[in-house]
Amino acid sequence: MPFSLDNLLVVGISSRALFDLEVEETIFRTQGLEAYRRHQLENENEILKLGAGFALVRALLKLNVLTDNQRFVEVVIMSRNSSETSLRIFNSIDHYGLDITRAVLSGGASLAPYLQAFNVSLFLSLHEDDVQAAINSGVASALLYQKPDNAFEELDQIRIAFDGDAVIFSDESEHIFQTQGIEAFENHERENAKKPLPEGPFARLLKALSFIQNNYKSADGRAAPIRTALVTARSSPAHERVIRTLRAWDVAIDETFFMGGVAKSDVLAAFKPHIFFDDQPAHCDRAAPLVQTGRVPVRQGLVS
């Protein structure tokens, strides 16, 4: 029987997000494809340095050793490289002992059509076009910022922090705030407090993490080593709808911060997430020097 990815958390990550390929990216942009190809072949046995998404991937893969004969996570390398120029990537995966066996090497073509084929739950990249195409196709996706200095600090838990509106939840309420102001937003949320918020692009990922937490129990009965946080600009009275929505989804977030407009960066620095997802460039710019950050683009149109 073929191997099924249906019940796994599948992370698709670009080679440039997993490893530091900024020198190679510069060669490609300034000298062209042939110079890039030659550089990769000449440095095939040179191990790549760690990239912005490495710490998160390494942490998530550790979930697969918690329970005998059960995998929770699969990671798929998704690259616009050709197979000819990809051996350096695979050599680096082997060097760091990453349990990654699957790859999409599209030879310059768009990666978005292959996300559904591999049942990708989360796509991470440093290429904005690929991230935008992925989010348009309905896959939780984020554009990674370059890693902060503490990105590879070893933590005893997988820690992931999310913004609320337009990330976990839809951008419906955010749109009201942006177009009509805070008073209209608060009135809308108060009037709809008992109506669950529609799902946003990262709702599926949050539910998958919650599933792993609920279905892995260590010998001492504690939950899986994943800790989640919601760090939202909302405050009272808009908090009630968030709490009721998560309750309706049967999702328990470990830590919740209703910031009420206060900058999120200090709270994030204290929480120390492997990654923080937000849709607002200003929030991401402030967080990125302190914690690994991924910006979630606004979905554009509908993909049939």
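Everything quoted here is computed from the prediction, not taken from an experiment. (Residues numbered from 1 in each chain as written. Predicted model: local features only at pLDDT ≥ 70, side-chain atom pairs only at ≥ 80, totals over all residues. Heavy atoms only, no water.)

Peer 1: Would you explain the overall build of the protein in this entry?
Peer 2: The number of helices and strands found in the protein is 12 helices and 10 strands. Over its C-alpha trace the protein gives a radius of gyration of 20 Å, about what one expects of a compact globule, namely 19 Å for 304 residues. C-alpha extents for the protein along the principal axes are approximately 60 × 50 × 40 Å. Counting only residues that meet the buried cut, the protein has 50% of its 304 residues in that class. Counting only contacts in the protein whose residues sit at least 6 apart along the sequence, the fraction spanning at least 24 positions is 75%. Considering the protein, the positive charge centre built from 30 side chains and the negative charge centre built from 40 side chains are found 3 Å apart. (Helix = DSSP H or I, 4+ residues; strand = E, 2+ residues; numbered from the N terminus. Rg over C-alpha atoms; globule rule 2.2 N^0.38 Å. Buried < 20%, exposed > 50% of the residue type's maximum accessible area, 1.4 Å probe, protein only. Contact = heavy atoms within 4.5 Å. Lys, Arg positive; Asp, Glu negative; His and termini not counted. Charge placed at Lys NZ, Arg CZ, Asp CG, Glu CD.)

Peer 1: In this structure, what is going on with the pairing of strand S1 (residues 9-13)? I would like to understand it.
Peer 2: Put simply, side chains in a regular strand alternate between the two faces of the sheet. Across the five residues that make up S1, a large majority, five, are buried. Side chains Leu 9, Val 11 and Ile 13 of S1 all project onto a buried face; the interleaved residues Val 10 and Gly 12 project onto the opposite face, where all are buried too. One ladder, built from five bridges, connects S1 with strand S2 (residues 73-79); its direction is parallel. The residue bridging Val 11 from the neighbouring strand is Val 75, located in S2. (Pairing = 2+ DSSP bridges.)

Peer 1: Explain helix H6 (residues 128-136) to me, please; I cannot follow it from the model alone.
Peer 2: Regarding H6, the residues found buried are Asp 130, Val 131, Gln 132, Ala 134, Ile 135 and Asn 136. The inward-facing, buried residues of H6 contact strand S4 (122-125) and strand S5 (140-144). A positive phi of about 95° marks Gly 138, the residue just after H6.

Peer 1: What exactly am I supposed to notice about the environment of Asn 192 here?
Peer 2: Tracing the sequence through the fold places Asn 192 in the loop between helix H8 (182-191) and helix H9 (203-215). Measuring from C-alpha to C-alpha, the distance between Asn 192 and Pro 237 comes to 11 Å, with 45 residues separating the pair along the chain.

Peer 1: Help me understand the side chain of Thr 232 in this model?
Peer 2: Secondary-structure assignment places Thr 232 in strand S7 (residues 226-232). For Thr 232, the residues in contact, after removing those within four places along its chain, are Asp 163, Gly 164, Phe 257, Phe 258, Met 259, Gly 260 and Lys 264.

Peer 1: How do you make sense of the nonpolar core when you look at a structure like this?
Peer 2: Judged by nonpolar contacts, the single largest core of 56 residues is most densely connected at Leu 18, Ile 100, Leu 124, Phe 162, Phe 202 and Phe 277. Among the elements that line this core, the one with the most residues is helix H4 (residues 54-61), at six residues. Once residues within four sequence positions are removed from consideration, Phe 277 is found in contact with Leu 122, Leu 124, Ala 142, Ile 160, Ala 161, Phe 162, Asp 163, Val 167, Phe 202, Leu 205, Gly 294 and Val 296. Of all hydrophobic cores here, the second largest spans 13 residues; its members include Val 76, Leu 111, Val 131 and Leu 143. (Core = buried A, V, L, I, M, F, W, Y, C linked by side-chain atoms within 4.5 Å.)

Peer 1: Even after reading the chapter, I still don't get the packing of helix H2 (residues 22-31) against helix H3 (residues 33-42), so can you show me in this structure?
Peer 2: What describes two packed helices is the angle between their axes and the distance between those same axes. Closest axis-to-axis distance for the H2/H3 pair is 7 Å, and the angle between their directions is 150°. As judged from the angle between their axes, H2 and H3 are roughly antiparallel. Here Glu 24, Ile 27, Phe 28 and Gln 31 of H2 come into contact with H3, specifically with Leu 33, Ala 35, Tyr 36, His 39 and Gln 40. (Axes fitted to C-alpha atoms, helices over the stretch in contact; angles between N-to-C directions. Parallel < 35°, antiparallel > 145°, perpendicular 65-115°, else oblique.)

Peer 1: Mind showing me how you'd approach the packing of aromatic side chains here?
Peer 2: On inspection of all chains with the given rule, the structure shows nine aromatic pairs. Between the aromatic rings of Phe 202 and Phe 277, the centroid separation amounts to 4.6 Å while the plane-to-plane angle is 40°, which identifies the pairing as tilted. Remark: Phe 277 occurs in strand S9 (residues 275-278) and Phe 202 occurs in the loop between H8 and H9; sequence separation between them is 75 residues. Exposure class is identical for Phe 202 and Phe 277. Each is buried. Connected via pairs of aromatic rings, a cluster forms that spans Phe 19, Phe 54 and Tyr 96. For Arg 159, the ring lying beneath its charged end belongs to Phe 271, and the centroid distance is 5.0 Å. For Lys 207, the ring lying beneath its charged end belongs to Trp 249, and the centroid distance is 4.9 Å. (Phe/Tyr/Trp six-rings, centres within 6.5 Å; stacked < 30°, edge-to-face > 60°. Lys NZ or Arg CZ within 6 Å of the ring centre and 35° of its normal.)

Peer 1: How do you make sense of H8 when you look at a structure like this?
Peer 2: Along an α-helix, residues three or four apart share an orientation, since each turn contains 3.6 residues. Looking only at H8, the buried set comprises Phe 185, His 188 and Glu 189. One side of H8 holds all its buried residues, which, seen down the axis, span an arc of 95°. Counted as exposed and oriented over 90 degrees from the buried face of H8: Glu 183 and Glu 191. In this structure, the buried side of H8 is in contact with helix H7 (172-180) and helix H10 (239-248). (Arc of directions from axis to C-beta.)

Peer 1: Explain the layout of surface pockets here, please?
Peer 2: Gaps left between atoms show up when a probe the size of a water molecule is rolled over them. Here the largest pocket defines a volume of roughly 570 Å³. If you trace the largest pocket, you find 26 residues lining it, with Glu 25, Phe 28, Tyr 36, Arg 80 and Asn 81 closest to the centre. Looking at the lining of the largest pocket, the elements with two or more residues in it are helix H1 (15-18), H2, H3, S2 and H6. Classifying every residue of the lining of the largest pocket gives six nonpolar, 10 polar and 10 charged. Considered as a void within the structure, the second largest pocket measures approximately 350 Å³ in volume. (1 Å grid on protein atoms, 1.4 Å probe; cavity = no way out; pocket = protein on both sides within 12 Å on 5 of 7 lines; lining within 4 Å. Points joined across faces, edges and corners; volume = space filled by probe spheres on them. Nonpolar A, V, L, I, M, F, W, Y, C, P; charged D, E, K, R; others polar.)

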